[in-house]
Amino acid sequence: MTRKPRPHGLSTVAVHGGADAADADSPVASALYQSVSFVQEIGTGEGLRYTRYGNTPNAELVQRRLAALEGAEASLVLGSGMGATACALLALLRPGDHLLASQWIYGGTHKLLCQEFTALGIHVTLVDPLETRGWRRRLRKETRAIFLETPVNPTCRVLDLRPVTILTKEIGLALVVDSTFASPVNLRPLEHGADVVIHSTTKYLNGHHDVLGGAVLGTAPYIEEVRQKMMVWGQAPDPFACWLLERGLKTLDVRVKRQNENAMRVARWASERKEVRKVHYPGLESHPDHAVAQQMLDGFGGMLALELSGGGRAADRFVRRLKLFTHAPSLGGVDSLVSEPRYTSHASLTTDERARLGVPDGFLRLSIGIEDADDLIADLEHALK
């Protein structure tokens with residue numbers, strides 16, 4: 001799709017994007033319209049506003065801002081990241097169609113594609129994204145789209161979108177990218193040839209661990225198709241969630257840049273520790289995708305993973321000793337979190353299946369917040385001793 005250019009810098013767009021010009025006596029903070037229904041004009045269905053339709057004032061404001069941040073024609077906010085993924089793909093696929101998807105995807109997405117979509121008659125093939133010509137080899141005449149996420153949850157691998165976009169443009173397929181781990185501060189997939197971008201707005205976009213939501217971005221006609229799916233499947237967010245998301249976006253740029261800096265310091269510290277078998281962070285020169293990350297990303301992100309030398313038992317002991325890091329699922333907020341994918345995102349997989357995906361026992365995912373980096377490192381060091 002054609003990328004829509006931003007008239008201002010990203011940090012300015014995060015604060016002001018999509019807002020109407022202010023009149024005298026207008027409130028500086030956006031108003032909250034906590035209403036399901038809005039007065040309808042008599043004698044016409046035009047202009048009908050209803051929360052489930054995703055066209056109420058708070059939803060429309062945050063949707064304009066998200067579109068401006070990603071350089072998209074349009075966006076739609078939904079009730080969750082999984083809802084966004086489901087509706088985004090259902091707007092592209094019909095029974096009998098074929099979807100190519102990366103093997104390296106979030107556990108919930110894996111279940112959606114391999115269980116729910118196949119039950120609907122949609123065929124799914126998982127592809128090793130590093131296999132030479134792997135995408136091309138698995139094309140079928142029924143293939144309609146390619147789905148991948150980058151950076152990858154939870155291994156922090158970074159995929160090069162350029163060879164995939166060459167294929168999708170040649171064949172006429174839609175490239176759908178889940179960019180939750182990066183946020184628009186670090187990666188804007190449309191600039192690299194993607195057609196659709198998905199976010200779990202629960203994570204970096206809101207950034208405060210208090211909103212559940214998702215977003216889909218693309219062309220205006222496509223987003224209207226996603227809206228129709230959202231309305232039928234009941235995935236619209238309520239106005240307060242939209243209001244909180246819009247407020248969270250105002251600090252997106254400063255939050256993510258601080259998280260980038262903190263994560264780099266933590267990763268470099270951890271890479272020197274004998275108790276840590278491996279550090280997964282694309283900002284490190286030792287990371288297998290470091291060169292790709294330098295080309296694709298504007299920042300290496302606030303997510304990293306550690307593999308402890310003592311395996312699962314060492315991981316359990318480590319987590320119990322942490323004081324600043326909170327043991328909780330989710331990511332991308334101002335508070336630093338730690339989680340074990342074997343008990344959260346990848347709990348449905350066997351030990352061998354997790355190991356093949358690069359998530360062995362002893363693997364810990366760290367979501368680095370905006371606290372003082374020295375304090376975070378001291379907490380981690382205490383837990384390792």
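Everything here concerns the structure above.
Note that the structure is predicted; figures quoted are calculated from it, not measured.

*Asks:* How should the overall build of the protein be read in this particular structure?
*Replies:* Per the secondary structure count, the protein includes 14 helices and 12 strands. For 385 residues, the compact-globule estimate of 2.2 N^0.38 gives 21 Å, and the protein sits close to it at 21 Å. Evaluated residue by residue, the protein yields a buried proportion of 55% over its 385 residues. Sequence separation of 24 or more characterises 75% of the internal contacts of the protein that already satisfy a separation of 6 or more. Counting only carbon and sulfur atoms, one obtains 51% of the accessible surface of the protein, whose full area is about 16700 Å². Of note, the protein has its 44 positive side-chain charges centred 5 Å away from the centre of its 44 negative side-chain charges.

*Asks:* How should the sheet that holds strand β12 (residues 363-367) be read in this particular structure?
*Replies:* Hydrogen bonds between backbone groups are what pair the strands of a sheet, and the pairing can be parallel or antiparallel. Taken in spatial order, the five strands of this open sheet run β8-β9-β12-β11-β10, and their pairing is mixed. The sheet is open, and its two borders are formed by β8 (276-280) and β10 (326-327), each paired with just one other strand. Across the sheet, helix α10 (residues 252-270) is in contact with β8 and β9 (303-308); its angle to β9 comes to roughly 15°. This element, helix α12 (residues 311-321), spans β9, β10, β11 (337-339) and β12 of the sheet and lies at about 120° to β9.

*Asks:* How should the pattern of salt bridges be read in this particular structure?
*Replies:* Pairing is possible between side chains of opposite charge, provided their charged atoms come close. Scanning the entire structure with this criterion turns up 22 salt bridges. A salt bridge links D160 to R162; the shortest N-O distance between them is 2.8 Å. According to the relative accessible area criterion, D160 is partly exposed, its value standing at 23%. In this structure, R268 engages E285 in a salt bridge whose closest nitrogen and oxygen atoms are separated by 3.5 Å. Placement of R268 in helix α10 and of E285 in the loop between β8 and α11 (290-296) is noted, with a sequence separation of 17 residues between them. Residues joined in a network through salt bridges with shared partners are R65, E246 and K250.

*Asks:* Quick question: what am I supposed to make of the side chain of S179 here?
*Replies:* Considering the arrangement of structural elements, one finds S179 in the loop between β5 (174-178) and α7 (183-186). Taking the relative accessible area as the measure of exposure, S179 reaches 0% and is therefore buried.

*Asks:* Quick question: what am I supposed to make of the nonpolar core here?
*Replies:* Most often, soluble globular proteins keep nonpolar side chains buried together rather than apart. Ranked by internal contacts, the top residues of the largest apolar core, which has 30 residues, are L89, L99, L113, F117, F147, V216 and Y222. A263, V279, L304 and F325 belong to the second largest nonpolar core, which has 28 residues in total.

Cut-off values and rules
Residues numbered from 1 in each chain as written. Predicted model: local features only at pLDDT ≥ 70, side-chain atom pairs only at ≥ 80, totals over all residues. Heavy atoms only, no water. Helix = DSSP H or I, 4+ residues; strand = E, 2+ residues; numbered from the N terminus. Rg over C-alpha atoms; globule rule 2.2 N^0.38 Å. Buried < 20%, exposed > 50% of the residue type's maximum accessible area, 1.4 Å probe, protein only. Contact = heavy atoms within 4.5 Å. Areas by Shrake-Rupley, 256 points an atom, 1.4 Å probe, with all protein chains shown as cover. Lys, Arg positive; Asp, Glu negative; His and termini not counted. Charge placed at Lys NZ, Arg CZ, Asp CG, Glu CD. Pairing = 2+ DSSP bridges. Axes fitted to C-alpha atoms, helices over the stretch in contact; angles between N-to-C directions. Salt bridge = Lys/Arg side-chain N within 4 Å of Asp/Glu carboxyl O. Core = buried A, V, L, I, M, F, W, Y, C linked by side-chain atoms within 4.5 Å.

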